[in-house]
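Topology and contacts: notes
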There are 2 protein chains.
Amino acid sequence: MTRSSLTSGTTDGSGITSGTRDETGRATRSRTRDETAGPATAHQAGTDATPSPDASADGRRRAATIQDVADAAGVSRAAVSKVIRNAYGVSPQMRTRVEAAIARLDYHPRVAARAMRGATFTLGLEIPQIGNDFHSVIAEAAADVLADTPYQLIIAPIRDPQVGDQALQSLVDRQVDGIVAVAPLVSTDWLESLASRTPVVMVGRHDVSAHYDTVAGDDETGAEQVMEHLVELGHRRIAFLDIDRSRSTGKSYISPTGRDPHSIRQRVYREHVGALGLRPRLIQAHGHMEEDAAVAVREALGQTNRPTAIFAGHDTLAVGALRAVAELGLEASEVSVAGFDDIPIASHPRLALTSVDQQGYAMGQEAVRLLLQRLDGRTEPVRRVMPVTLRVRASTAPPRERS
Amino acid sequence: MTRSSLTSGTTDGSGITSGTRDETGRATRSRTRDETAGPATAHQAGTDATPSPDASADGRRRAATIQDVADAAGVSRAAVSKVIRNAYGVSPQMRTRVEAAIARLDYHPRVAARAMRGATFTLGLEIPQIGNDFHSVIAEAAADVLADTPYQLIIAPIRDPQVGDQALQSLVDRQVDGIVAVAPLVSTDWLESLASRTPVVMVGRHDVSAHYDTVAGDDETGAEQVMEHLVELGHRRIAFLDIDRSRSTGKSYISPTGRDPHSIRQRVYREHVGALGLRPRLIQAHGHMEEDAAVAVREALGQTNRPTAIFAGHDTLAVGALRAVAELGLEASEVSVAGFDDIPIASHPRLALTSVDQQGYAMGQEAVRLLLQRLDGRTEPVRRVMPVTLRVRASTAPPRERS
DNA sequence: ATGAAAGCGCTAACAC
DNA sequence: GTGTTAGCGCTTTCAT
């Protein structure tokens, strides 16, 4: 009933349509309308004949649709649609009327319905680990940039690192207008195919791609600076701490090109160590969390001829290393630790972690800006490499005893 | 081409459909049709050698729809729908055929289309600040619990704390099946109305609500333990560090009932300080970030008769306080710091922050579990309060000089 | 400038 | 057990 009163004004118009389709359509609508309200949605379907639903009164009323707004404003759905999209072809007075109705009914367009035809005004951010501060900074930057746009941000955390594409796919299924992905272990082929359909910006990978942009730090230079710094301090037993990637290779998710940040950092480490005629020492953590690193480093430091310096693949691991070092009562002159990313906590005086600043916040900003450009029509891929700076702090010091 | 080969065998079947609808449908399809099957998606479904795996060739094909799958499997859309929803009424052989077609076409149901009729199998998590480790832990727990379910998690960060309901509304617009919200500054009325339409679980608020569940720590006891601990150590000049909330009161978003965690913690602080006949000292940070706290504490410590202990509203602020304290070369015996939440970094030996453990991970888990229960039909509200434990660490110590 | 109508891809009712 | 069909709430031609 509510429905029929709402539509009554347009019922005649529907008669224009050809044949059965419309007729049944009308009939069914008034039927389903009410019951849709029913189940868990608790719609209430207030039967009052009031043309203007006054949504504020009742907390259970069905949410207003574009049709409700159109009826309330005495215009067509198309007109309302144009108003809410700021599209061309609406007179000021109509706009005013429609906006008033929207406000009155507290109308919010359903994103799902929009997705069926047009844009969702939603951008997806995919991050590998929620707890990693470097990723948080990127997310923060992304959210900040988007604050001045009509776009909303949704974040899809990766469940299982082994199936990094799941989170990405979930974003696709959700028909986001664009995606910023942070270094997931996804094959470049898959990415390329995805990017040919949806605007994509990859953060932290140096892929050479045809369809998506990349924003990455200068991992090569950063790792070089760390190694030069440690060597200059006098360290010779330098270990590289990273996640045990061997377990992931099974499904060959790892970028085989070695263009991911960690492969590069480790390669540079190996090169430097090799150039000095030293043997590489790898400390493998079983996970990406701080505690995983602490466990691995505790063990490594328990062995004889322990390293005097640890270069961690990223800061979260470095903080974990520092934990193990501190627990053992060791100082930087005994075991130095350097990281990568310069996460906010690294500069805390109690940690004073030497780290490579790759401007995470700027990277996040840039990634979203590039995505907005793509949304705006750009198609040629862009590869952005952020300059890095080594922040030397107290966690690295000359070794007490030279090896 | 690819497409035609796929449909060729079933084109006749499509003729079954009535009239123009189908005709245009076909037309559009063959036009846009091209590729979708992402190689790396690992769908591959062992059943190779089938006609039309291709897909890897072209990166622009339109994604497969349920109709494509139906055609490829030679069944109806409804049949496919039943298969993907695990619904009743599908013969094993049809299931097999359909699943093969799904794998072959790399079909993924569009969430938006689903949302128009049924469930989205998406749960939304709303968190106030992305960079706050306590929130990260909750998000992590939520993601972990959901890993064993068909539900996907999306996170909506709050843009502007002043308009906390925006992120929540965005989740609603997206028609998520349920929402976990972490202590946003939203009016209880609005929440109640929202919760009457969508399953909602609030984390960190002690609201007494009719339609949503709450999961919160025992803020009262936690704050009491902190104060008792500090007083017992001998502190008398105890300051409370929190965010300056006065600026937010403009739109009265703050829960007027004082049931939010920070109001409670501050109230307990005031009560204890009052009972000792001391005057309360408030240090107000201008934001929720560590640096905001550091700025405020730096200033507070510069004044004469500075506090000998600081009770921070939450750990991120506490870490910031510790930063200011450390910068000034002060130790716990000069300025003690205690926090709330016991975020992972708090236990780092270099920080050793005394804090109240309110089991953030368990809270996140419980919140999602409650939400799943609601999804399963429960409607009576549940209020869960997590027991707390004071973790005493080195950041608090007896004051060198008693005041 | 405005409105009518055709779907977008899916699920749910209902036929068979 | 399987297929047919009517929409969900929007955007978008295309008339007017």
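What counts as what
Residues numbered from 1 in each chain as written. Chains lettered and ligands numbered in written order. Predicted model: local features only at pLDDT ≥ 70, side-chain atom pairs only at ≥ 80, totals over all residues. Heavy atoms only, no water. Phe/Tyr/Trp six-rings, centres within 6.5 Å; stacked < 30°, edge-to-face > 60°. Helix = DSSP H or I, 4+ residues; strand = E, 2+ residues; numbered from the N terminus. Buried < 20%, exposed > 50% of the residue type's maximum accessible area, 1.4 Å probe, protein only. UniProt positions renumbered as here; feature names shortened; annotations may be inferred. Contact = heavy atoms within 4.5 Å. Buried area = accessible area lost by both parts, 1.4 Å probe. Salt bridge = Lys/Arg side-chain N within 4 Å of Asp/Glu carboxyl O. Polar contact = N/O pair within 3.5 Å; in protein donor to acceptor, adjacent residues only side chain to side chain. Nonpolar A, V, L, I, M, F, W, Y, C, P; charged D, E, K, R; others polar. Pairing = 2+ DSSP bridges. Axes fitted to C-alpha atoms, helices over the stretch in contact; angles between N-to-C directions.

With that settled, the discussion passes to the packing of aromatic side chains. Under the criterion given, the structure shown has six aromatic pairs over all chains. Look at Phe 121 of chain A and Tyr 151 of chain A: their rings are 5.5 Å apart centre to centre, the planes differ by 40°, and that puts the pair in the tilted class. Of this pair, Phe 121 of chain A sits in the loop between helix H6 (111-117) and strand E1 (122-127) while Tyr 151 of chain A sits in the loop between helix H7 (133-146) and strand E2 (152-157), placing them 30 residues apart in sequence. Residue class for Tyr 151 of chain A comes out buried when judged on its relative accessible area of 15%. A ring pair is formed by Phe 240 of chain B and Phe 311 of chain B, whose centres lie 5.2 Å apart and whose planes are at 85°; its orientation type is edge-to-face. One end of the pair, Phe 240 of chain B, is in strand E6 (residues 238-243); the other, Phe 311 of chain B, is in strand E8 (residues 309-312), and 71 residues separate them in sequence. Here Phe 240 of chain B and Phe 311 of chain B have matching classes, each one buried. Grouping aromatic residues by their ring pairs yields a cluster made of Phe 240, Tyr 269 and Phe 311 of chain A.

Time to look at the UniProt feature "domain: HTH lacI-type" (unreviewed entry) in chain A. On the UniProt side, "domain: HTH lacI-type" (unreviewed entry) is annotated at positions that read residues 64-118 of chain A here. Taken end to end, residues 64-118 of chain A comprises 69% helix and 0% strand; its first and last C-alpha atoms sit 20 Å apart.

Now for the interface of chain A and chain B. Counting residues at the interface gives 67 residues for chain A, matched by 65 residues for chain B. For the chain A and chain B pair, buried surface summed over both sides reaches about 5,500 Å², with 55% attributable to carbon and sulfur atoms. Interface area lost by chain A to chain B is led by Arg 159, Arg 174 and Arg 350 of chain A, which between them contribute 14%. On inspection of chain A and its partner chain B, the count reaches zero salt bridges. If you look at where chain A meets chain B, you find 15 residue pairs in polar contact (both at pLDDT 80 or more). The set of elements that each furnish at least two residues to the side of chain A that touches chain B consists of H6, H7, E2, helix H8 (165-173), helix H9 (188-195) and helix H13 (315-327) of chain A. Broken down by class, the residue content of the side of chain A that touches chain B amounts to 31 nonpolar, 19 polar and 17 charged.

Moving on to the sheet that holds strand E8 (residues 309-312) of chain A. All names here are of chain A. Taken in spatial order, the six strands of this open sheet run E7-E6-E8-E9-E10-E12, and their pairing is mixed. Lying at the two open borders of the sheet, with one neighbouring strand each, are strand E7 (281-285) and strand E12 (389-391). Taken over all neighbouring pairs, the strand axes of this sheet differ in orientation by 20° on average, direction set aside. Sheet topology note: the strand E6 (residues 238-243)/E8 ladder contains four bridges and is parallel. From the neighbouring strand, Ile 238 faces E8, where its bridge partner is Ala 309. The strands that helix H11 (residues 261-275) touches are E6, E7, E8 and strand E9 (336-341); relative to E6, the one it contacts most, it runs at about 165°. Those strands touched by H13 are E6, E7, E8, E9 and strand E10 (354-357), and its axis lies near 160° from that of E9.

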